[in-house]
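What follows is each chain in one-letter form.
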Amino acid sequence: MAGVNELMNRYNIETAQGMARIIRTHLEQLNADGEQHARKIGKEWDLDETAIRRLDGIRGLTRSEALQNLESAEIRSLTEEVKNLNVALLHAQNENLEAHKQVQKAQEQVLKAQAAVLQEKDRIIAIQDQKAAAETKAAQHEVRIEALQQELDRQAKELQQARQAAAQAQEEAQAQQERLAHASLWQRITGHW
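Rules and cut-offs
Residues numbered from 1 in each chain as written. Predicted model: local features only at pLDDT ≥ 70, side-chain atom pairs only at ≥ 80, totals over all residues. Heavy atoms only, no water. Buried < 20%, exposed > 50% of the residue type's maximum accessible area, 1.4 Å probe, protein only. Helix = DSSP H or I, 4+ residues; strand = E, 2+ residues; numbered from the N terminus. Polar contact = N/O pair within 3.5 Å; in protein donor to acceptor, adjacent residues only side chain to side chain. Core = buried A, V, L, I, M, F, W, Y, C linked by side-chain atoms within 4.5 Å. Patch = residues over 30% accessible without salt bridge, like charges linked within 9 Å, V, L, I, M, F, W, Y side chains within 5 Å. Areas by Shrake-Rupley, 256 points an atom, 1.4 Å probe, with all protein chains shown as cover. Salt bridge = Lys/Arg side-chain N within 4 Å of Asp/Glu carboxyl O. Contact = heavy atoms within 4.5 Å.

K.L.:
Break down helix α4 (residues 49-59) for me, citing the residues and quoting the values.
P.N.:
Those residues of α4 that sit buried are Thr50, Ala51, Ile52, Leu55 and Asp56. Here α4 starts with a cap whose side-chain oxygen sits 3.1 Å from the backbone nitrogen of Thr50, and that cap is Asp48.

K.L.:
Provide a residue-level description of the nonpolar core, including the pertinent values.
P.N.:
If you look at the biggest cluster of nonpolar residues, it comprises 17 residues, and the most contacted ones within it are Leu7, Tyr11, Met19, Ile23, Leu30, Leu47 and Leu55. Taken together, the elements giving at least two residues each to this core come down to α1 (4-11), α2 (16-25), β2 (44-47) and α4. Counting residues in each nonpolar core, the second largest holds 7 residues, with Val82, Leu89, Ala92 and Ile145 among its members.

K.L.:
Report on a nonpolar patch on the surface, specifying residues and quantitative values.
P.N.:
Together, Leu185, Trp186 and Ile189 make up a nonpolar patch on the protein surface, roughly 420 Å² of accessible area in all. Along the chain, Leu185 falls in helix α7 (residues 185-190). Assessed through its relative accessible area of 64%, Leu185 is described here as exposed.

K.L.:
Lay out the side chain of His141 with the relevant residues and their values.
P.N.:
Along the chain, His141 turns up in helix α6 (residues 121-182). With a relative accessible area of 10%, His141 lands in the buried category. The contact partners of His141, leaving out residues within four places of it in the chain, are Glu95, Asn96 and Ala99.

K.L.:
Outline the pattern of salt bridges, supporting the account with residue identities and numerical values.
P.N.:
Scanning all chains against the criterion turns up 6 salt bridges. Between Arg154 and Glu151 there is a salt bridge; the shortest N-O distance is 2.4 Å. Remark: Glu151 and Arg154 occur in helix α6; sequence separation between them is 3 residues, near one turn of the helix. The partly exposed category is assigned to Arg154, whose relative accessible area is 37%. The closest approach of N and O atoms between Arg154 and Glu158, which form a salt bridge, is 2.1 Å.

None of the figures reported here should be taken as evidence of function without further support.
Following this line, the structure appears as structure tokens:
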């Protein structure tokens, strides 16, 4: 069973109203055998596999094209998410670099303060506090960078799996089209090829 949102992705339709209008227009064709292959449950449309196949035919869409539309939308979504994670990773790396610079600056100030006279002892303690805060911030950024990197790796794996699934679906659809092309007229009529 498929809902309107899945069908919008399948047929590259922008609005739920547009998808619902297409279903209403072709409702008799979708339920031509007297079964309720396409029906409205509450405010939502629900279509089974038979209705989807018939709608594919009405829309002139082969099964491989429909799968490709769904997988392309998923790949675009994953690609966008990977881009967003890359941007977040860059920001975190910049913040980490800035924190490291602050740590380095604080360390230089500590060394200068230690060489100064004993009267600057209070100032040295304040600088050491700054250093500790900067190191804590740097450690937090490193943990955040590691988490973002793990998420980026996970998204990259998902993207690879989605691409492999799309390639496999396309190969299967092509094999099915080749079987159909070599099928006899009788096999095509009966749908057994």
